[in-house]
Amino acid sequence: MDHSISLSQHIHASPEKVWSVITDIPGSATTLTGVESVQLLTDGPYGEGTRWKETRKMMGRSETVEMWVAQAEQPRGTTVKAVQGGADYSTRFSLSPRDGGTDLSVTFGGEMLKPTAATRIMMAIFGKMAMAATRKALRKDLADIAAKAESI
């Protein structure tokens, strides 16, 4: 059972500025209102293999997830992965210059690894609610990224 969400927002800032915001992992806890804390696990600049732990509040509770950069093509796009609770998650940010600014698109997807009958039932019951909460969080992330990029 796969689930995915795609959203986009036009940002009045160059792709380079938007890229600098989305790849500033240590600064994401101050940029993204949904992120409570970030712990960088690797040294060096943002790129494939960069790992961190991110704590977010979702549906009223805090959850920490280890994330890593699976792909980075500066300043066109990046893919971030995470595995949590028996699911493989992927978040793709794509940047396209338009009208002196940037169209930032985010696609989030989740795929259950070896789903059991119980997991399928839980996804049928709670899947829509979880996806609605995720869509709301992603929309807020896009607005937060835009506000930061447009201020630098």
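Remember, predicted model here, so these are calculated numbers, not experimental data.

This part covers the confidence of the model for the protein. On average, the protein scores 92 in pLDDT, and the residues at 70 or more come to 99%. Mean pLDDT in the protein bottoms out at helix H3 (residues 117-151), which sits at 88, and peaks at helix H1 (residues 15-22), which reaches 98.

On inspection of all chains with the given rule, the structure shows 10 salt bridges. We note a salt bridge from Glu54 to Arg56, for which the minimum N-O separation is 2.9 Å. Of the charged contacts in the structure, one is a salt bridge between Glu73 and Arg92, with a shortest N-O distance of 3.2 Å. Pair noted here: Glu73 is in strand E4 (residues 61-73) and Arg92 is in strand E6 (residues 87-98), with a separation of 19 residues, a long-range link. One connected set of salt bridges, linked through shared partners, spans Glu54, Arg56 and Asp141.

What follows deals with the packing of H1 against H3. A pair of packed helices is captured by two measures, namely the crossing angle of their axes and the spacing between those axes. Two numbers describe how H1 lies on H3: the axes approach to 9 Å, and their chain directions differ by 125 degrees. As summarised for this structure, H1 and H3 are arranged oblique, according to the angle between their axes. Like other packed secondary-structure pairs, H1 and H3 cross with a definite hand, here right-handed. Packed against H1, whose contacting residues are Lys17, Val18, Val21 and Ile22, the element H3 presents Ile145, Lys148 and Ala149 at the interface.

Before going further, it helps to spend a moment on the side chain of Thr102. Among the structural elements, Thr102 can be located in strand E7 (residues 101-112). A polar side-chain atom of Thr102 sits 2.7 Å from the main-chain carbonyl oxygen of Ala13. Here Ser14 takes part through its backbone oxygen, which lies 3.5 Å from a polar atom of the side chain of Thr102. Ignoring anything within four residues of it in the chain, the contact list for Thr102 reads Gln9, His10, Ile11, Ala13, Ser14, Pro15, Val18, Leu95, Ser96 and Pro97.

Turning to the environment of Leu41, a few remarks are in order. With respect to the secondary-structure elements, Leu41 resides in the loop between strand E2 (35-40) and strand E3 (51-58). Overall, the relative accessible area of 35% leaves Leu41 in the partly exposed class. Residues Leu41 and Glu66 lie 25 residues apart in sequence; the distance between their C-alpha atoms is 9.0 Å. Discounting chain neighbours no more than four positions away, the residues touching Leu41 are Arg51, Trp52, Lys53 and Glu66.

This part covers the packing of aromatic side chains. Scanning all chains against the criterion turns up 2 aromatic pairs. For the pair Trp19 and Tyr46, a centre-to-centre distance of 6.0 Å together with 85 degrees between the ring planes defines the contact as edge-to-face. With Trp19 in helix H1 and Tyr46 in the loop between E2 and E3, the pair connects residues that are 27 residues apart, well separated along the chain. We classify Trp19 as buried; its relative accessible area is 7%.

Among the surface-exposed residues, Met59, Ile121, Met122, Ile125, Phe126 and Met129 lie close enough to one another that they form a single nonpolar patch of about 630 Å² accessible area. By the secondary structure assignment, Met129 is in helix H3.

Here Phe126 is to be found in helix H3. In this structure, the C-alpha to C-alpha distance between Phe126 and Thr64, residues 62 residues apart in sequence, is 20 Å.

About the criteria used
- Residues numbered from 1 in each chain as written.
- Predicted model: local features only at pLDDT ≥ 70, side-chain atom pairs only at ≥ 80, totals over all residues.
- Heavy atoms only, no water.
- pLDDT = per-residue confidence, 0-100.
- Helix = DSSP H or I, 4+ residues; strand = E, 2+ residues; numbered from the N terminus.
- Salt bridge = Lys/Arg side-chain N within 4 Å of Asp/Glu carboxyl O.
- Axes fitted to C-alpha atoms, helices over the stretch in contact; angles between N-to-C directions.
- Parallel < 35°, antiparallel > 145°, perpendicular 65-115°, else oblique.
- Left-handed = near helix turned anticlockwise from the far one by under 90°.
- Contact = heavy atoms within 4.5 Å.
- Polar contact = N/O pair within 3.5 Å; in protein donor to acceptor, adjacent residues only side chain to side chain.
- Buried < 20%, exposed > 50% of the residue type's maximum accessible area, 1.4 Å probe, protein only.
- Phe/Tyr/Trp six-rings, centres within 6.5 Å; stacked < 30°, edge-to-face > 60°.
- Patch = residues over 30% accessible without salt bridge, like charges linked within 9 Å, V, L, I, M, F, W, Y side chains within 5 Å.
- Areas by Shrake-Rupley, 256 points an atom, 1.4 Å probe, with all protein chains shown as cover.

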